[in-house]
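In case you want the letters, here they are:
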There are 4 protein chains.
Amino acid sequence: MEFGYSDKVEALRTRLNAFMEAHVLPANIAWHREAQEGRYPLGLIDRLKAKAYGEGLWNLFLPMLREDEPGTPLTNLEYAPLAEIMGRIPWSAEVFNCNAPDTGNMEILHMFGTPAQKAQWLAPLLDGSIRSCVGITEPDTASSDPTNLQTTILRDGDHYVVNGRKWFTTGAKHPNARFVIVMGLSDTRTDVDPHARHTMVIVPFDTPGVRIVRDVPIMHHHAPEGHCEVLFRDVRVPALNLLGEEGRGFAIAQARLGPGRVHHCMRTIGQCELALELMLDRAMERQTFGRHLSDYANIQDWIAESRIEIDQLRLQVLRAAWLMDRQGNQAARVEVSAIKVGAARLQTRVVDRAMQVFGAMGLTPDTPLAFLWTWGRALRFIDGPDEVHLRTIARDELKKAKARRGTSLAYLVPPYEHP
Amino acid sequence: MEFGYSDKVEALRTRLNAFMEAHVLPANIAWHREAQEGRYPLGLIDRLKAKAYGEGLWNLFLPMLREDEPGTPLTNLEYAPLAEIMGRIPWSAEVFNCNAPDTGNMEILHMFGTPAQKAQWLAPLLDGSIRSCVGITEPDTASSDPTNLQTTILRDGDHYVVNGRKWFTTGAKHPNARFVIVMGLSDTRTDVDPHARHTMVIVPFDTPGVRIVRDVPIMHHHAPEGHCEVLFRDVRVPALNLLGEEGRGFAIAQARLGPGRVHHCMRTIGQCELALELMLDRAMERQTFGRHLSDYANIQDWIAESRIEIDQLRLQVLRAAWLMDRQGNQAARVEVSAIKVGAARLQTRVVDRAMQVFGAMGLTPDTPLAFLWTWGRALRFIDGPDEVHLRTIARDELKKAKARRGTSLAYLVPPYEHP
Amino acid sequence: MEFGYSDKVEALRTRLNAFMEAHVLPANIAWHREAQEGRYPLGLIDRLKAKAYGEGLWNLFLPMLREDEPGTPLTNLEYAPLAEIMGRIPWSAEVFNCNAPDTGNMEILHMFGTPAQKAQWLAPLLDGSIRSCVGITEPDTASSDPTNLQTTILRDGDHYVVNGRKWFTTGAKHPNARFVIVMGLSDTRTDVDPHARHTMVIVPFDTPGVRIVRDVPIMHHHAPEGHCEVLFRDVRVPALNLLGEEGRGFAIAQARLGPGRVHHCMRTIGQCELALELMLDRAMERQTFGRHLSDYANIQDWIAESRIEIDQLRLQVLRAAWLMDRQGNQAARVEVSAIKVGAARLQTRVVDRAMQVFGAMGLTPDTPLAFLWTWGRALRFIDGPDEVHLRTIARDELKKAKARRGTSLAYLVPPYEHP
Amino acid sequence: MEFGYSDKVEALRTRLNAFMEAHVLPANIAWHREAQEGRYPLGLIDRLKAKAYGEGLWNLFLPMLREDEPGTPLTNLEYAPLAEIMGRIPWSAEVFNCNAPDTGNMEILHMFGTPAQKAQWLAPLLDGSIRSCVGITEPDTASSDPTNLQTTILRDGDHYVVNGRKWFTTGAKHPNARFVIVMGLSDTRTDVDPHARHTMVIVPFDTPGVRIVRDVPIMHHHAPEGHCEVLFRDVRVPALNLLGEEGRGFAIAQARLGPGRVHHCMRTIGQCELALELMLDRAMERQTFGRHLSDYANIQDWIAESRIEIDQLRLQVLRAAWLMDRQGNQAARVEVSAIKVGAARLQTRVVDRAMQVFGAMGLTPDTPLAFLWTWGRALRFIDGPDEVHLRTIARDELKKAKARRGTSLAYLVPPYEHP
């Protein structure tokens, strides 16, 4: 067992921190002012992307990069601490081409894409010239149980015809968004395995029948890239746009989720660290009733509890990344559910404390806290609500308990021998 | 002891509920669409106000109404259940001229206003033809300890000169907003009683030097009436605009707060009830993994805990209102702190559960939940952060304990007689 | 609505408080020393009982007292504040003949007993010359669902034959314990209504086949009256000992529970108040790092939160008592579940805080806290675990929601008209 | 970074698990029956000790073992997973001579003992022929701030004279207990550094003036080895019994605490795992209302949350052990405070859930849960209450924040340029 980062990771952290400090943080106010005015800060982003690309701080999330593809491939365990650093300024992931949901799309295109699909869609994603979306969640169904999804993707000759409504399609408003990977029902029979009825296809945004209905704010917040509601009405795409095989939508979605969740969790940790730093600085600066806030024991408790909880979560996330590297995404499935729940809950908890220390200012857009809180709240649904992940963990525990059933009984201390 | 509402209150509740159902609820979508487009739905509001005025559902919050003033005067205990009903549709309080912060301003004008001030400012407030604001919180000071307030209100001949910056000045963007009651430092000496250095004056919005700098969103939410940042630069108002006496700002602020907090708390309860109803309806409708959400024991726990907590809080708020009616606002000071903390915490807790049951939709503006949550979060600061109120309660307990000091020792069971 | 105690109640509270201070509290250490040595402090108790009986502070819990029966009948609402006072010294309820489970037994004998049963069992209970038990919970079944109960009570000619094992039979070790009311299965068919298969009979402790197997400690604590495991092996009692009718065991148990739960809850409140007093006295006395504990903001928060929570619970319990008086025990069923959950949870929460302020001493028998905590923990099962009561409340809410189904939908704000 | 146990550790875990299963677990009921009858199960223990000694599973906790000392020295990181295994049966640590407080005493005798002290006291501790205690906490002072300690240890010629009262002196009732290391005030001046006034001396139990006043139960539980109150009245010990130097009591106490806390935490984890196993087995076995408890979503949540929290804590404890091995106990001081708080809180939380699943049985001595809960509660004071450790962590965070003061301000997004 070894709890220190490797030299390679330490070196990368140093480089990334330096980049953030030299280039990203100084651009932060400009980014927000442009975004608050409703424009995507594309010029600013493009300038920073070029710089990061030049330094090789590019596609760091993708272990499976080939030699002819741009970027620096890292294991999940190596990438995780870098995601933490990027998390401190949420929009910065795009600078390093490490932004969701494109990261997940690049992964599944790598794994399941045909050579033609890779040439057409993966290559420009890898070099950052386009962006992409994924359409799974639907407004009218309880998508936490994805067998409920109702959008249809039906074969019609050489085409698939997509009909349905998706929402929380992140990135659909991005000026570079070119396609969305849609999951839907390709087999409408109700008497077959519900996990084998869904399929994924690539739908270019310029296909007739695709319409971005609105950008859905998350607790009043409009992301500049949008979390959009998208309507698909008789959308025809070539059958060649099928991703993987028909009926394998769940398997692909599953493959997609592990690393992405680790990224989310590590960014969350970076955001919790930032919230803690803000809380500390504010608590040392403010006075009420003749004492600094940092001198009040309740606020000291919040600080200490935040430190304990952040450190615990980071270790658990890193361990999950290590497990994925060693045994594959599927083997780490339950651990990933655990960090998913832990991270979403921690973010709102730590940020809430920081807000309370800031007072009313913590509610305004003048600090990162309001965004971090609402984003943390959204994380409690994104990629599955807490309750579904807790259920996954519990069922796994119950399965293991069943296998060793009764062994705990040996620890009981009966008061007498029953006759 | 008697826990039932009086016949008078039951009759009023019936009338108000009927009005809400017949007139307010049907206008709710229109109100939101107009507000979401950035316009204050003044026409809609004026129409409803006229109707409510006509029915005598007017100024219900103001026990001290005189016969020549419009409306129906009720005790705090009588009004509280009506505030709960209004709370379900937050904008509806204005329909009955029961909206904050005007309610508090009408109270203090009643109590401390000169005849001229009453004629000029109170009368149009009472008949709903103008609106008003109160400016206490400041962006650059820890306003939870109001002795920190830095805005100055200095006498200069026949005028007061106001300099400073206020924020979270609710209602400043309302088309009818005419004046703001500003609290500031009128005695800049540091060696005098810090609770006798602040004064309140009436500042018309059209006074030169008053500038609404921006509307500050609360967790990304822009209220149509605004929670504004207001700059006062060399603002001169006639000395006749002094409210009460110089140096009595705190006493007036204190008088202002009790009933207003009861109103907030009861509206909170109405909002929690609504959130619970939404949670119930959604849980009965949605299915995951073959069961309705309402069949899951964790969601049943949330429902039951919400019911318990709401009922407990309601009783406590009603008791505080009863105490204010019996013994005055000052006597109920600690009880009001208790309900203030309880309500702010409950609102985010119950609404959070409802959101989780709604899934992603709970984060959108398509349900009232996102607004109710962020408003609940703001309540944890409005009129003082939780920690200040908890401190008030604890200090009161400690004072009482000191008075009876040591009596609990009689309950100890020493193991032996110390020699 | 009226939140003050009536003059009658205030007078009774004054008398009871005076009695406690003059007679009970001074005997507290002696009671504990005798109990810690394993003897039931019967002499001490008898002396105090005689005094209370003489003052008419007797059977205060029993609204249905007849004129020829000893004691002062009070409504539930009148008795509740007195139970709070008794709760401060848990063993004191016996002094006033207000101790569980005899109170519940007296109620059901009043309601369902035959004249002969009343003469033989109720009369001596009412005058305090004997004590009694109730046997419901069983060690080998999940008794939270009482249809699981397995003890059999089968008719055999003029007798009932009882076979089974009960535990947590409170009072079985009391020197005056004379009988136990046993609930069991009188109809072993599995195809009939599971709520109509159980029956209650009166079993004198001296019946052959009744054996007290052991006194079961509750988290290591042995109550001097015992929470016993009792074995019934071929125990024959006359058919005349049937309580009510065959198959009506649940109905009787239900009737029994409402008032008893209110008593428990009010005693809990008295105990929470005592814990808070102890916490306050200790916090003012102790110093660490140069400050009194009472000066630390985290401890102030615990004090304030305890005050808020106790006050809320008291109001809710009193309201449930009021509802029982007005509409009967059955009508208050859901409210009683609410206070049952609330009280059990509050007791451990408040006492835990007090313990933490006491430091290690809080874990010893030198303060009442260790007992109050473990008793509070037991309350989370006694008369049904929290989860069962939460389920009851949730199901009631769902039933009401179903009745008004869909009304909350009118509060949604759809973003557009669906075509 | 590497999250797997080393081969060496895996081999040791296998051996220890096998020993536990073959020898310790089968003796568990006998141990408890003997202990419940008030006798220390010395014969049983001695038999198992001989076996463990023979297998080299001995003194595993002591990295600094010399070649001439019995046992297998391991690093803290190597020992930690073994402590987890021992924790499942709390009394088993003694079998491997890894029981507190002897472990800490052996450490400080190793570090600070004179050759004579080592020969007389350390050698028999290392071979398990005697046991020892440590006397720090006092009944009459807030010992969480140890500068409050009042016992005096005053030099008088060739002797030290000890006067005072200690309690929670664990092990004083053990039949083999031979000495206690007492900490007290050797410098009664009040104007000197309060951290340099305390001294430690070795006091044999047979010294005149030492009296075990009573065995103090922890929440009603009497440990067979006792947590005793010990009175020291004019107890004279040779000056050669001084441990380290006069006035260095705190430094020694500090050195003593790091590893011991890691041991406690890992045993806690073992106990939480056991509680979770019990909860799982029970939930799968019991039925209420037609479903197994394991099918209820609230109980599934408890299971999942327990799994998440246990795994997080284990990683954090292992990391602290790793840090102690790398950088020394002092460097890991804050991390050790973090795990101390985390473990004490987790134990009561997880065990409480398991108790609730067990129903009333969880309160009895028939399962390990009641003991594990009360012990967990005691852990919230042993080696310092939570609040002191949280304060340590917060002060460390504040110190670091001060060093980087203001850097978080760069993340604020001011709405405009202040003029």
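Remember, it's a predicted structure, so these values are computed and weren't measured experimentally.

J.: Whenever I open this one, the interface of chain A and chain D confuses me. Can you help?
T.: Quite often, the size of an interface is put as the accessible area lost when its parts meet. Counting residues at the interface gives 69 residues for chain A, matched by 69 residues for chain D. When the buried surface of chain A facing chain D is broken down by residue, A:M1, A:F3 and A:Y411 rank first, second and third, together holding 14% of it. Of the charged contacts in the structure, one is a salt bridge between A:R326 and D:E2, with a shortest N-O distance of 2.4 Å. When contributions to the side of chain A that touches chain D are tallied by element, the ones reaching two or more residues are α2 (28-36), α7 (249-285), α8 (297-327), α9 (333-358) and α11 (386-403) of chain A. Taken together, the residues of the side of chain A that touches chain D sort by class into 37 nonpolar, 12 polar and 20 charged.

J.: What is the right way to read the interface of chain B and chain C from this model?
T.: At the interface, 69 residues of chain B touch 69 residues of chain C. Summed over both partners, the interface of chain B with chain C buries about 6800 Å², with 63% contributed by carbon and sulfur atoms. Across the chain B-chain C interface, the total number found is 6 salt bridges. Ionic pairing is found between C:R307 and B:E397, a salt bridge with its closest N-O pair at 2.7 Å. Broken down by secondary-structure element, the contributors of at least two residues to the side of chain B that touches chain C are α2 (28-36), α7 (249-285), α8 (297-327), α9 (333-358) and α11 (386-403) of chain B. The biggest single contributor to the side of chain B that touches chain C is α8(B), with 16 residues. Broken down by class, the residue content of the side of chain B that touches chain C amounts to 37 nonpolar, 12 polar and 20 charged.

J.: Sorry if this is basic, but what is going on with the pattern of salt bridges here?
T.: Oppositely charged side chains can pair when the atoms bearing their charge come close. Across all of its chains, the model carries 138 salt bridges over all chains by this definition. Between C:E273 and C:R307 there is a salt bridge, with the nearest N and O atoms lying 3.0 Å from each other. Residue C:E273 is found in helix α7 (residues 249-285), and its partner C:R307 is found in helix α8 (residues 297-327); the two are separated by 34 residues along the sequence. Given a relative accessible area of 11%, C:E273 falls into the buried group. Given the relative accessible area of 13%, C:R307 is considered buried. Salt bridges sharing partners connect three or more residues here, namely A:E305, A:E309, A:R349, A:R353, C:D352, D:R345, D:R377, D:R380 and D:D386.

J.: How should I be thinking about the relation of the copies chain B and chain C in this particular structure?
T.: Two chain copies here: they are related by a rotation about an axis and a translation along the same axis. Laying chain B over chain C is done by rotating through 180 degrees and shifting 0.0 Å along the axis; what remains is an RMSD of 0.0 Å. Taken together, these values place the two copies in the relation of a two-fold axis. Here 100% of the interface residues in chain B have copies in chain C that are interface residues too; the copies meet face to matching face.

J.: Help me understand unusual backbone geometry in this model?
T.: A negative phi angle characterises most non-glycine residues, just as the trans form characterises most peptide bonds. Cis geometry marks the peptide bond from C:A100 to C:P101; its omega dihedral reads 0 degrees. Relative to the elements of secondary structure, C:P101 occurs in the loop between α4 (76-87) and α5 (102-112). With a phi close to 75 degrees, B:H220 is a non-glycine residue in the positive phi region. By secondary structure assignment, the location of B:H220 is in the loop between β6 (210-215) and β7 (227-238).

J.: Would you mind showing me how to read the relation of the copies chain A and chain D here?
T.: Rotating chain A by 180 degrees and moving it 0.0 Å along the rotation axis overlays it on chain D with an RMSD of 0.1 Å. A shared binding surface is used by both copies, with 100% of the interface residues of chain A retained as interface residues in chain D.

J.: Can you help me understand the UniProt feature "domain: Acyl-CoA oxidase/dehydrogenase middle" (unreviewed entry) in chain A in this one?
T.: In the numbering used here, UniProt assigns the feature "domain: Acyl-CoA oxidase/dehydrogenase middle" (unreviewed entry) to residues 133-235 of chain A. What you have in residues 133-235 of chain A is 0% helix and 50% strand, and the ends, taken at the C-alpha atoms, are 16 Å apart.

Calculation criteria
Residues numbered from 1 in each chain as written. Chains lettered and ligands numbered in written order. Predicted model: local features only at pLDDT ≥ 70, side-chain atom pairs only at ≥ 80, totals over all residues. Heavy atoms only, no water. Contact = heavy atoms within 4.5 Å. Buried area = accessible area lost by both parts, 1.4 Å probe. Salt bridge = Lys/Arg side-chain N within 4 Å of Asp/Glu carboxyl O. Helix = DSSP H or I, 4+ residues; strand = E, 2+ residues; numbered from the N terminus. Nonpolar A, V, L, I, M, F, W, Y, C, P; charged D, E, K, R; others polar. Buried < 20%, exposed > 50% of the residue type's maximum accessible area, 1.4 Å probe, protein only. Least-squares fit on C-alpha atoms with pLDDT ≥ 70 in both. UniProt positions renumbered as here; feature names shortened; annotations may be inferred.

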